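# A structural walkthrough
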Amino acid sequence: MASYYFDNREEFLERLRALVDGGAAPETIRIRMPYQVPEAEEILGGRPSPLRFFALFGGLAGFGGGLALTIYSVLSWPIIVGGKPIVSLPPFLLIGYLLTILCGSLGAFAGFLLLARLPSGAALAADAEFPERFVIIVEEEERP
Amino acid sequence: MRPETLDNINASARVEEDVLAALGRPGWRYLAGVGLCALLALMLFTLWGGLIFRGLGLSGKNHPVGWAMLITNFVFWVGIAHSGTLISAVLFLFRARFRTSFNRSAEAMTIFALMVAGLFPLIHLGRVWVFYYLLPYPSERLIWPNFRSPLVWDVFAVTTYLIVSLVFFYVGMIPDLAVARRRLPGVRGRIYGLLSLGWQGTLRQWRHYGRLYLFLAAFATPLVASVHSIVSWDFAVSIVPGWHTTIFAPYFVAGAIFSGTAMVITLTIPMRRWLRLEPYITVDHFEAIAKILLFTSLIITYTYLVEHGLSLYGGNPFERDQYLYRALGDYRPLFAVMVICNSLLPLTMFIRRLRRSLAWLFILGILVNIGMWLERFVIITASLARDYDPYAWGSYNFSVVEFGITIGSFGLFFLLFLLFARLLPVLAVTEIKQGAEERHEEAGMQGASERGSEAYP
């Protein structure tokens, strides 16, 4: 197992590129970054984050839930208020809109915790550090 | 000597040190400030207790002015919250670089302002213990809230805004909490470690983090426009002259961003000095924020003109008389101060020297917020005092209790902000490092070199 440390983003990316071009399998390379570097993701490949589905489903659930709540509540006790229709869509859409944002955000946050595997019990127990420098760790490939 | 700025300081370790230095042992001035603000907050809760036990008669509210200073405070504080979201979410989507100097404190300001704002409808309720009637829950009485009422939209809007802002604030801080964990020893470091959820900065974590931050910014951006629009509909959906107008939503949103920006300036100028953050929050950054202040002030002035034009030329005698009463009646001194603070004084921001004068910006920030508070007061009170029927006209003067609660709300807000400045990283450390590195690269500067290959411990 070899480890490399860098203070500089460009040099970190250069080495990462060289390692991948030199034939190291991306799954054997582990990196730590003090801040986000989108290029590292491009070099190591991998599928795009599926987080968008969590945001989408959260948002849709919020919208549907908002409409269902408002329509159910007025139909369960149908009384005309201020001459407005029982199912008054414009104000109900507003509730749906707000719940879209609320549930979409919470859905995305929950998805993030799930996908990024946080909170990480192992990291907390081992007191693993968030490094100040860029780190590349290359693990040796297991031979069958 | 050239002053240190983000462009020329040695980024990485220095940023961490400078920002986390604020988490050190506080001085006596800070403790005195916390003590004073805590006393003011205590006054708020004591006076609220008085209102609960003795009744709302202790306030100056009356017939016909049933919404007065407490609701003014609610609208004011919700407005203050807005520029936090503007700076953190909208400027993020527009990739405005100066945002990293302000976003953390602006986000904190949003949350604290919303917490303070949320108190006022509860205080105004009188019987606060039945506040849960506002929430939709399956009760044994089979009664649901009236979803056609703007007051119920308000509950949803403000609650959504608070929760989304909290998530955004916390998510933005996770890597910085991990930095605090690394740098601070002992129990405090462990607490920051727990709060950072064991963040290590792996590719997997950063990848999903980047997407999450983008989604949260995208979700929060429409809230900038919608929350204060909904607050404005509390008024505009009614038929009270002076309130019943379609211009209210954009008018309120512009006012909210205007007052919130002024509050960001008022808070960050002293914070920058006390925490020695001059290299990170420069005069250039303040100039950029002052331009937002000027822009929103011009929108406010425009809406004043449109509102008054509609009243005078709209052909509705009630609207015309209400406007004349607002500008020339019992509340005319307040109206005049409002116009001076919101429309005239911000014009000084056209002058570059004044835009870059922190002393003037600080004073202007306070004056703008006085003006914006008065705007809400004049809108709410004057319209209720004189609506259609002269037989039902009246007037309002606030009581000592309401005044004390208002002052106390500022105490509570500043108390929360002071605690934030000592307990959490006040600047976005990782974002500043990223921005500084990108600037270095753009400038063609070569940073430090690889230290070499070594065994991983």
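Per chain, residues are indexed from 1 in the order of the written sequence. Note on labels: chains are lettered from A, ligands numbered from 1, in written order. Given that this is a predicted model, residues contribute local features only at a pLDDT of at least 70 and side-chain atom pairs are listed and counted only at 80 or more, while totals for whole chains, interfaces and linings are drawn from all residues. Computation of side-chain values: all heavy atoms of the structure, hydrogens and water removed.

## Brief notes about the confidence of the model for chain B
pLDDT expresses, on a scale from 0 to 100, how confident the predictor is about each individual residue. Per-residue confidence for chain B gives a mean pLDDT of 89, with 94% of residues at or over 70. The criterion used for residue contact is that any of the two residues' heavy atoms lie within 4.5 Å. For the stretch residues 445-457 of chain B, pLDDT sits under 50, and the model shows 26 contacts to residues farther than four places along the chain or on other chains.

## Structural notes on the side chain of Thr 160 of chain B
Relative to the elements of secondary structure, Thr 160 of chain B occurs in helix α5 (residues 150-183). Classification of residues uses two cut-offs on accessible area relative to the type maximum, computed with a 1.4 Å probe and protein chains only: under 20% is buried, over 50% is exposed, and between them is partly exposed. Thr 160 of chain B gets classed as buried once you look at its relative accessible area, which sits at 1%. Apart from residues no more than four positions distant in its own chain, Thr 160 of chain B is found in contact with Leu 98, Ile 101 and Leu 102 of chain A together with Leu 223 of chain B. Secondary structure elements follow DSSP: runs of H or I of four or more residues count as helices, runs of E of two or more count as strands, with numbering from the N terminus.

## Details of the nonpolar core
Counting residues in hydrophobic clusters, the biggest one holds 188 residues, and the most contacted among them are Phe 12, Ile 31, Phe 112 and Ile 136 of chain A together with Trp 77 and Phe 413 of chain B. The domain boundaries here were taken from an automatic or database domain assignment. Residue-level mapping places this core at the junction of two domains, with at least three residues from each of domain 1 (2-48 + 121-138) and domain 2 (51-115) of chain A. Grouping buried Ala, Val, Leu, Ile, Met, Phe, Trp, Tyr and Cys residues that are joined through side-chain atoms within 4.5 Å yields what is termed a nonpolar core.

## What about the interface of chain A and chain B?
The partner chain B presents 68 residues to the 73 residues of chain A that form the contact. When a carboxyl oxygen of Asp or Glu lies within 4 Å of a side-chain nitrogen of Lys or Arg, that pair is called a salt bridge. Run the count over chain A and chain B and you get two salt bridges. In this structure, Glu 132 of chain A engages Arg 182 of chain B in a salt bridge whose closest nitrogen and oxygen atoms are separated by 3.5 Å. By the criterion applied in these results, polar contacts are pairs of N or O atoms within 3.5 Å in which, for protein atoms, one can donate a hydrogen and the other can accept it, and in which residues neighboring in sequence qualify only through two side-chain atoms. The interface formed by chain A and chain B includes 14 residue pairs in polar contact (both at pLDDT 80 or more). Among the secondary structure elements, those contributing two or more residues to the side of chain A that touches chain B are β1 (2-6), α1 (9-21), β2 (29-32), α2 (38-44), α3 (51-76), α4 (89-115), α5 (121-126) and β3 (134-138) of chain A. Among the elements that take part in the side of chain A that touches chain B, α4 of chain A stands out by supplying 18 residues, more than any other. In terms of residue class, the side of chain A that touches chain B is made up of 44 nonpolar, 14 polar and 15 charged. Put simply, Ala, Val, Leu, Ile, Met, Phe, Trp, Tyr, Cys and Pro go in the nonpolar bin, Asp, Glu, Lys and Arg in the charged bin, and everything else, Gly too, in the polar bin.

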